[in-house]
Amino acid sequence: MRSRHREVAVALFFGAITLLVSPISAQTIWTDATGDWFTGGNWSGGVPNSAIDAQINNGGTAQIGAAGATAQNVTFGLGTSDSGTLSVSGVGTLTDNLLFIGDGGVGTLNITGGASVANAVFTLIGRSDTATGTVTVDGAGSTFTNGNDIIVADAGTGTLNVTNGGAVSNQEGTIGEFAGSIGTATVDGSGSTWTNSSDLRVGANGTGALNITNGGAVSNTDGAIGDFSGSNGTVTVDGAGSTWTNNGYLYVGNTGHGTLSITNGGAVSNIESRIGSAAGSTGAVTVDGAGSSWVNSGGLGLIVGFDSSGTLAITNGGAVSNAFAAYIGNNTGAVGMASIDGTGSTWTDVGPMYVGFDGTGTLNITNGGTLSSQLGYLGYGGTGTVTVDGTGSTWTNGSGFYIGFDGVGTLNIKNGATVTNTFAYIAADPGSSGTVTVDGAGSTWTNSGNVYVGGDPSGAKGTGLLRMLNGGTVNAATTTVWSTGTLEIGVNPILNGSLFFVGGTLRTIADTTFPNTILLGSGGIIVDSNGFNSTLSGPINGVVGGLTKINPGTIILTNTNGYPDDTNINGGVLQVDGSIASANT
């Protein structure tokens, strides 16, 4: 959003406006119940013109059904007990300077049937804390044009309805300006539009709600939902053809509290977006239903939990996409949570996906949801946890995967879910921690390249753990377990590709059989039976390295094993039903 001290600027601006509408200005006051604007007898000082203020305060209704109505400023419901209505219909037109709809009392403006109202400056709907204002722009050709800003609920209660092809335009739009204000705007129906040439704030300091439904369209530069501290903003974009176009950034919970719901085919677009932007804010976005979409086209991409708390839920066929990158839990102290749930629910990230960049991030992909990205980082500098759960649930990375890059990363693949990438590093940096669990029949982690547990290709780094159980499958060209890494195997572990231990640990977490050939490097292998009785039916071979057995339980070797260094038993039983060719046992 543009940086400016809005409360001060608005207060000063409105102070100047007060002079414009003070008693020293020429004014005429509506005296009829319901009647024609152009009838002089309906006014205390005759028909208004461009040099005269007009007021409707007596509960009456002024009607404009012909072109050419003018006034300097128009006020509906000046005092706390006042009310007034203006109806502009058909070929009727009104040109004025300022509009106050509900200044201290109740004001209503209806623009219908192709009529038009044009303000040189701006409109306040529900100006004071005692005021209630309502504007309705209804029907094809009906227009409400403001040369400057429109504020729906300045300090009071304000409502803007744009329906059946009506059109509203202005510079900056605000719904719920000051603390305590309550503003609602609805843009409903195909052809209904609200065009903001500058920013749009839904809940600036107060409470704001924007509803875009049944093909309505809203556009602006930057958008903010819950802009300032203490504010509350809600935006709903519902139905096929309903669109909210942000030509700049979108903040859901900028420093306040924001909620965005995109449902039943609604569409939202922007450059960069931040959910839970500043410290103390909260933001939540839901993209629900087939055809519902959220497109983030540039900047830093999509950030869930920038400096505070943010959530993103993609459900029932909703679709989210972003350029550059995606971040869940961006900065220190930030908490981001995202979920992709249900068949057809998709998140397309053309760049890297960071879960726990410097903050805490959680991502759940469930019930057939899908994620695609270029790279995956879990625990880049913070704490990142991803669970991919259920048949059809997938995460596809076009390149590599880092689980614990400079933080703590956890990946869970279970109940038939799949994850694919090229290479993978589990705990790639000193001090980092990474865990991958592949659990359940059909659960598959496919690496077209190599996997390094407890380091990267150059050697041991952080603390890494790869766990396979209950038919879970890991595919890799070569899996290397460094001295800071552990491979845990439960019932029916499936590991395809070469397996290389360089001082790493093989730990059993159930009574199991492991058929893989194990190659040893410097430091050999530590076998931790962990209280279970298991069989290693594949050979253990190497030109360097030995075997050390630790902890209670039994390990049975049934193949021909050959390695040059010692075999040490530091706990439990090592049963050799095959053979060991080594220097010492």
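Calculation notes
- Residues numbered from 1 in each chain as written.
- Predicted model: local features only at pLDDT ≥ 70, side-chain atom pairs only at ≥ 80, totals over all residues.
- Heavy atoms only, no water.
- Core = buried A, V, L, I, M, F, W, Y, C linked by side-chain atoms within 4.5 Å.
- Buried < 20%, exposed > 50% of the residue type's maximum accessible area, 1.4 Å probe, protein only.
- Phe/Tyr/Trp six-rings, centres within 6.5 Å; stacked < 30°, edge-to-face > 60°.
- Helix = DSSP H or I, 4+ residues; strand = E, 2+ residues; numbered from the N terminus.
- Lys NZ or Arg CZ within 6 Å of the ring centre and 35° of its normal.
- Salt bridge = Lys/Arg side-chain N within 4 Å of Asp/Glu carboxyl O.
- Polar contact = N/O pair within 3.5 Å; in protein donor to acceptor, adjacent residues only side chain to side chain.
- Contact = heavy atoms within 4.5 Å.

Caption draft 1: A look at the nonpolar core. Grouped together as the largest cluster of nonpolar side chains are 106 residues, with contacts concentrated most on Trp 347 and Trp 445. Grouped together as the second largest cluster of nonpolar side chains are 14 residues, Leu 375, Tyr 377, Tyr 452 and Val 502 included.

Caption draft 2: View of the packing of aromatic side chains. Within this structure, the stated rule accounts for 19 aromatic pairs. Here Trp 37 and Trp 43 contribute two aromatic rings whose centre-to-centre distance is 4.9 Å and whose plane-to-plane angle is 80 degrees, an arrangement assigned as edge-to-face. Residues Trp 37 and Trp 43 agree in their burial class; the two are buried. Their ring planes at 90 degrees and their centres at 5.5 Å tell us that Tyr 377 and Phe 405 sit as a pair that is edge-to-face. Here Phe 405 lies in the loop between strand E45 (401-403) and strand E46 (408-414) and Tyr 377 lies in strand E42 (residues 375-378), a separation of 28 residues in the sequence. Take Phe 405: its relative accessible area is 21%, and that puts it in the partly exposed class. By the ring-pair criterion, three or more aromatic residues cluster together here, those being Tyr 327, Tyr 354, Phe 357, Tyr 377, Tyr 380, Tyr 402, Phe 405, Phe 423, Tyr 425 and Tyr 452. The positively charged end of Arg 274 is found above the aromatic ring belonging to Phe 306, 4.0 Å away from the centroid.

Caption draft 3: Seen up close, unusual backbone geometry. Of note, the phi angle at Asn 415 is positive, near 55 degrees, even though the residue is not glycine. Residue class for Asn 415 comes out partly exposed when judged on its relative accessible area of 48%. Despite not being glycine, Asn 492 shows a phi value in the positive range, around 50 degrees. Its location among the elements puts Asn 492 in the loop between strand E56 (485-489) and strand E57 (494-502).

Caption draft 4: A look at the pattern of salt bridges. Tallying each qualifying case throughout the model produces eight salt bridges. Put simply, Lys 461 and Asp 456 hold a salt bridge, and the shortest N to O gap is 3.1 Å. Since its relative accessible area comes to 27%, Lys 461 is described here as partly exposed. Accessibility expressed as a relative area gives 14% for Asp 456, which makes it buried. The partner of Asp 528 in a salt bridge is Arg 507, and the shortest N-O contact between them spans 2.9 Å. Residue Asp 528 is located in strand E61 (residues 525-528), and its partner Arg 507 is located in strand E58 (residues 504-508); the two are separated by 21 residues in the primary sequence. On the basis of relative accessibility, which here comes to 4%, the residue Asp 528 falls in the buried class.

Caption draft 5: Summary view of the side chain of Asn 73. If you trace the backbone, Asn 73 turns up in strand E6 (residues 73-76). Looking at Asn 73, its side chain comes within polar contact range of the main-chain nitrogen of Leu 98, at 3.3 Å.

Caption draft 6: Looking closely at the side chain of Glu 272. Among the secondary structure elements, Glu 272 is positioned in the loop between strand E29 (267-270) and strand E30 (273-275). Only 2.7 Å separates the side chain of Glu 272 from the side chain of Arg 274, close enough to count as a polar contact. One polar contact links the side chain of Glu 272 to the main-chain amide nitrogen of Leu 300, over a distance of 2.8 Å. Residues within four places of Glu 272 in sequence aside, it is in contact with Gly 248, Tyr 249, Leu 250, Gly 298, Gly 299, Leu 300, Gly 301 and Ile 303.

Read these as spatial facts, not as claims about activity.
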